[in-house]
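Residue-level structural notes
What follows is each chain in one-letter form.
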Amino acid sequence: SSGINAEYGGTERSMFAMPETRIGYYPDAGATYFLSRLGDFGMYLALTGHRIRGFDAKHLDFVTHFVDSSKLELLRDDVLSCTSEKDLIHCLSSNESPDDSNEFSMKNNLLDISKCFSAASVMEIVERLQENGSDFAQETLKTLSIMSPIALCISHRTQIESRSLDFTECLRMECNISAKTFALGEFAEGVRALLIDKDNKPNWNPPTLEKVEADVLDDVFSNDSIDWHPLP
């Protein structure tokens, strides 16, 4: 997904998610790049942390091959006998399940996602979901309501800005904003509430989207000089 030549296999048991907004952070580690390539659906994933399961990962190109879990032992033996990338690709392809037996599970929600998550701000996304009124929109609003407001805004902005950046530039942006995001204190509070105390009652600061200050958000994205370069 990151633009690097590689083969990835998935099964019906596979799961992918980037739920960082629930712990006061934003999807990083290259997610600014590969989620932004999914457009409005990528924005949906970045903000909600929705879990992608099974064959859906193939539809979104998160995996290159889909193999039924019943074939994993056979696949393992075949993979161990591979001596080249060409052998590996052939191995995955020969064990792959047919595409026509699996539909994208969220196909009925794509229009609502496009209408709502194409908005220019998180506040506008929320407003569009409220106006939509569907069961899907109501469930999505419930999900967004437990996320860190400023983490949602940071995630939204990274997705917008990443659309015009290449992979290396996305990593550079992540390097620049990550320390500033940590300094806000939301990540520590999110980890406390979800993983340490497990009370699921984070005290977000600010507590609402309306109170997220534009200058604080701008400071996170300010172009500081950083001593960073990609690996050779």
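Before going into details, it helps to say that this report is about the structure given with it. (Residues numbered from 1 in each chain as written. Predicted model: local features only at pLDDT ≥ 70, side-chain atom pairs only at ≥ 80, totals over all residues. Heavy atoms only, no water.)

1. Remarks on the overall build of the chain
Our working rule: Helix and strand definitions follow DSSP, with helices as H or I runs of at least four residues and strands as E runs of at least two, each counted in order from the N terminus. Summary of the burial criterion: residues with accessible area below 20% of their type's maximum are buried, those above 50% are exposed, and those between are partly exposed, where the area comes from a 1.4 Å probe applied to protein chains only. Contact between two residues is taken to exist if any of their heavy atoms lie within 4.5 Å; hydrogens are not considered. Computed by Shrake-Rupley with a 1.4 Å probe, the accessible areas treat only the displayed protein chains as cover when residues are assessed.
Secondary structure summary: the chain contains 12 helices and 4 strands in total. Counting only residues that meet the buried cut, the chain has 42% of its 232 residues in that class. Nonlocal contacts in the chain, meaning residues at least 24 apart in sequence, comprise 73% of its contacts between residues at least 6 apart. Looking at the chain as shown, the accessible area adds up to about 12700 Å², and 51% of this sits on carbon and sulfur atoms.

2. Structural notes on the packing of aromatic side chains
Any pair of aromatic rings gets described here by the distance separating the centres and the angle formed by the planes. To keep things clear, this is the line we draw: Here is the rule: rings of Phe, Tyr and Trp (six-membered ring for Trp) pair when centre to centre is within 6.5 Å. Planes less than 30 degrees apart are stacked, more than 60 are edge-to-face, and the remainder are tilted.
Considering all chains together, one arrives at 8 aromatic pairs under this definition. Centroid distance Y33 to F167: 5.4 Å. Interplanar angle 75°. Geometry classified as edge-to-face. Of this pair, Y33 sits in helix α1 (residues 31-34) while F167 is found in helix α10 (residues 167-183), placing the two residues 134 residues apart along the sequence. Residue F167 is classed as partly exposed on the basis of its relative accessible area of 22%.

3. Side note on the side chain of T158
With respect to the element layout, T158 can be found in helix α9 (residues 149-162). Apart from the residues lying within four places of it in its own chain, the contact partners of T158 are Y26, T32, M173, I177 and F221.

4. Describing the pattern of salt bridges
The cut-off we apply is this: Between Lys or Arg on one side and Asp or Glu on the other, a salt bridge is scored when a side-chain nitrogen of the former is within 4 Å of a carboxyl oxygen of the latter.
Under the criterion given, the structure shown has 6 salt bridges. For the salt bridge of E161 with R157, the shortest nitrogen-to-oxygen distance reads 3.1 Å. In this pair, E161 and R157 are both assigned in helix α9, 4 residues apart and thus about one turn of the helix distant. A salt bridge links D197 to R192; the shortest N-O distance between them is 2.9 Å. Through salt bridges with shared partners, one network takes in E189, R192, D197 and D199.

5. Notes on the nonpolar core
Selection rule: Remark: nonpolar core denotes a set of buried residues (Ala, Val, Leu, Ile, Met, Phe, Trp, Tyr, Cys) joined through side-chain atoms within 4.5 Å.
Residues F41 and F117 are the most contacted members of the largest nonpolar core, which totals 44 residues. Taken together, the elements giving at least two residues each to this core come down to α1, α2 (40-48), α6 (110-117), α7 (122-132), α8 (135-145), α9, α10 and α12 (214-220). When residues in this core are grouped by element, the largest group, 6 residues, is from α2. Dropping the residues within four chain positions of it, F41 is found in contact with I52, L60, F104, M106, L110 and I113.

6. Remarks on unusual backbone geometry
Looking along the chain, the bond that leaves N205 and enters P206 is cis, with omega of 5°. With respect to the helices and strands, P206 occurs in the loop between α11 (186-196) and α12. Here K198, not a glycine, exhibits a phi torsion of approximately 55°, which is positive. Mapping K198 onto the fold places it in the loop between α11 and α12. Non-glycine residue N200 carries a positive phi angle of around 55°. Looking at where N200 falls in the secondary structure, it is placed in the loop between α11 and α12. Judged by relative accessible area, which is 47%, N200 ranks as partly exposed.

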